[in-house]
Amino acid sequence: MSDQTKSWLDSRLPLAACFRAQVCDKPLPANRPYLSALGTLITGTLIFLMLSGAVLSAYYVASDHGAYNSIQFIMRNVNDGWLIRSFHATGTTMLFAAVYLAIFHALITGAYRLPGELVWGLKLAFLLLMMLVGYLGYAMQDGAVSHWSLHDVTLAGAGLSSFPGNISNWVLGGPAGHGTLGHVAMMHGLLTFIALGVLVLHYYAKQAVAPVAKKTVPLHPYYTSHHFVAVSVYVLLFAVLVFFAPHLGENPLNAAPANPLLVPAVMTPPWYLLPAAAVTHALPGTEGGIVAFFAAFAVLFAMPWLDRSDPRSEPGFLYKLLVVILGLDVIALGMTAAAGPSTINAILMIIFIGWYFLHFLVLTPLVTARESK
Amino acid sequence: MKLGISAAALLAAFLAFGSAAYAEDTLSPLHWQSQGTFGSYDQAALQRGFLVYQTACASCHSANALHYRDLTALGLTTEQVADITASIKLDNRPATLDDRLISALPKSQAAAAFGGAVPPDLSNIVAARPKGTEYIYNLLTGYQAPPADVTLMAKHYYNAAYPGNQIAMPAPLTDNAVTYADGTKATTAQEASDVAAFLTWASDPNLDARKQIGLRAVIFLIFLTLLAIATKRKIWRDVA
């Protein structure tokens, strides 16, 4: 760009100056842990998933007979199609790992407490959206397992058809019919854009309540170099999974095409949906499952008010210990869902879900009230 | 200096982990070369496996996602594959390179022949079963006389590896069901092992490329990470 054009552009649209002030020279706290890069990693991964998803959508066929075969075509006949799909699948695993870690981190550090309640709520909204998007992506494969899972979900949706405007038909195209996969694919993409919007809101909400740092450094080169480390480690991990464990956490049975005559005995979803799947089986019936799922999220949303401690205090030792136990409880819950139905499993599942609600509704208020005295 | 040492250590750890997984694998009675972290396909086994597939499975099963031209990945030349296809009859013409590996048995007849059980397409079967390669081997070598307390359903056979133990597929392999061009002795176990290798390739034809690119990517990223750490330290030196 010649100097003349540059000064003309600067006088009409001061992008460079704005970028310098808002990004490069932005003052940030001088002391931040590596986990503070999680936001960058999550946003980056989401955009990466949108791009790889856009490429896949050029070949994906959203129909009963087309879906499975089009994915096989991507894996076998499209140049580097296997790599793009592996990026997309493993990217999902990385994204969920980062989001679960961020939620855990916010819980154990007490970041959800006032005035961080909206930031916390937006985090949870993002997780909820990602679970929906993840589920829809899983259903889009139309494998031997996900086909039947989608069948159940659309039936459940039809059961809710008393909702105004018949949401289920609008969203899912009604009980597994020809249009269903088309609707599923459409929602899979659409909700991703909404999730990106939630991330932007989260970013600004977090800025608004961030404590004033005593000592600051400019974003560039300090935070760029700091995040460069986090991103490299993350991408290294990502690469190990993409190239050496591309199907990590998937149910192999779902790699077979759907069989309209054979309902699988165990409908194990991908790893990141396991705890949620367990919760939806906790109460009998479709409505029970939906109620349990939203109740599990409701107690998370209520955390800022369930915590009785002074928002400025450090979370106590007992509280932190309980959060670690909660993390293990959720993992154990996911494992019961993966193991499939049996009496002992059903009992364990009830215990783990019981502990989950006990943690939020009883232990958290009690312990935080006592520890802040 | 310190960084150089940690780079070497990290790389050594990665390679050691990979070869350890590989070494452990060679010790097990069932061993396929492709299974180690850095293991690639054994093309001789794949070619033998295709022969077994064509002789003993293709009469009932299809592998629809594959075309005959894909067989050049087994180390065969296009001419060799053309020779193979010339000897395979589809309805009323010889197969060509661009034909899919269909089954000789139409689906409707198959279901009738096996009491309603349709032979599944085998293109992706190894990916679609837990520990797929071992499973295929165990399934094909798992036919046994049923225990005294088991009554078999009509047109079913007892198989130790199949979930529920009663399968509608008659034992497809016998000793010397094929004659291997490379002189390998065609025991049932050898045939099962080779066809398991072939079906593993059919499910995951990009395994070799994936691991090759992966190794290079990981080595590059280890160095990139170390570079990032060094850069960050230098920039933040006077802050902390």
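In this text the structure is predicted, and so the values were computed from the model without any measurement. (Residues numbered from 1 in each chain as written. Chains lettered and ligands numbered in written order. Predicted model: local features only at pLDDT ≥ 70, side-chain atom pairs only at ≥ 80, totals over all residues. Heavy atoms only, no water.)

Colleague: Just give me the short version of the nonpolar core, but keep the residues and values in it.
Modeller: Grouped together as the largest cluster of nonpolar side chains are 91 residues, with contacts concentrated most on W120(A) and F126(A). Examining the composition of this core, we find that 15 residues originate from one element, helix 6 (residues 117-140) of chain A, more than from any other. Those residues within four positions of W120(A) in sequence are excluded, and the remaining contacts are I103(A), A106(A), L107(A), Y112(A), L300(A), F301(A), M303(A) and P304(A). Formed by 44 residues, the second largest nonpolar core is a distinct cluster that contains V52(B), Y53(B), L66(B) and L122(B). (Core = buried A, V, L, I, M, F, W, Y, C linked by side-chain atoms within 4.5 Å. Buried < 20%, exposed > 50% of the residue type's maximum accessible area, 1.4 Å probe, protein only. Helix = DSSP H or I, 4+ residues; strand = E, 2+ residues; numbered from the N terminus. Contact = heavy atoms within 4.5 Å.)

Colleague: Kindly report on the interface of chain B and chain A, identifying the contributing residues and their values.
Modeller: Contacts between chain B and chain A engage 35 residues on the former and 31 residues on the latter. Between chain B and chain A the total buried area reaches about 2800 Å² when both faces are included, carbon and sulfur atoms providing 72% of it. Put simply, chain B and chain A have zero salt bridges between them. Put simply, chain B and chain A have nine residue pairs in polar contact (both at pLDDT 80 or more) between them. When contributions to the side of chain B that touches chain A are tallied by element, the ones reaching two or more residues are strand 1 (63-67), helix 6 (188-203) and helix 7 (207-236) of chain B. At 17 residues, the largest contribution of residues to the side of chain B that touches chain A is made by helix 7 of chain B. Here the side of chain B that touches chain A is built from residues that sort into 22 nonpolar, eight polar and five charged. (Buried area = accessible area lost by both parts, 1.4 Å probe. Salt bridge = Lys/Arg side-chain N within 4 Å of Asp/Glu carboxyl O. Polar contact = N/O pair within 3.5 Å; in protein donor to acceptor, adjacent residues only side chain to side chain. Nonpolar A, V, L, I, M, F, W, Y, C, P; charged D, E, K, R; others polar.)

Colleague: Lay out the packing of aromatic side chains in plain terms, naming residues and giving numbers.
Modeller: As enumerated under the stated definition, the model contains 22 aromatic pairs over all chains in all. Considering the side-chain rings of Y112(A) and W120(A), the 5.7 Å spacing of their centres and the 55° angle between planes classify their relative orientation as tilted. Here Y112(A) and W120(A) have matching classes, each one buried. Geometrically, the ring pair formed by F297(A) and F301(A) is tilted, given 6.5 Å between the ring centres and 40° between the ring planes. Here F297(A) and its partner F301(A) are both found in helix 12 (residues 285-301), four residues apart, which amounts to about one turn of the helix. An aromatic cluster is built from F96(A), Y100(A), W271(A) and Y272(A), whose rings are joined through pairwise contacts. If you follow R48(B) out to its NZ or CZ, it ends over the ring of Y180(B), 5.7 Å from the centre. Above the plane of the ring of W236(B) lies K232(B), whose end atom (NZ or CZ) is 5.0 Å from the centre. (Phe/Tyr/Trp six-rings, centres within 6.5 Å; stacked < 30°, edge-to-face > 60°. Lys NZ or Arg CZ within 6 Å of the ring centre and 35° of its normal.)

Colleague: Report on the pairing of strand 1 of chain B, specifying residues and quantitative values.
Modeller: All names here are of chain B. Counting buried positions along strand 1 gives four out of five residues, so the element sits mostly inside the fold. Sheet analysis places strand 1 next to strand 4 (residues 100-101), joined by two bridges and oriented antiparallel. The residue bridging H67 from the neighbouring strand is R100, located in strand 4. (Pairing = 2+ DSSP bridges.)

Colleague: Please give an account of the pattern of salt bridges that cites residues and values.
Modeller: Across all of its chains, the model carries eight salt bridges over all chains by this definition. Residue D310(A) is joined to R312(A) by a salt bridge in which the shortest nitrogen-to-oxygen separation is 3.4 Å. Ionic pairing is found between E134(B) and K131(B), a salt bridge with its closest N-O pair at 3.9 Å. Residue class for E134(B) comes out buried when judged on its relative accessible area of 17%. Through salt bridges with shared partners, one network takes in R48(B), D182(B) and D194(B).

Keep in mind these numbers describe shape, not what the thing actually does.
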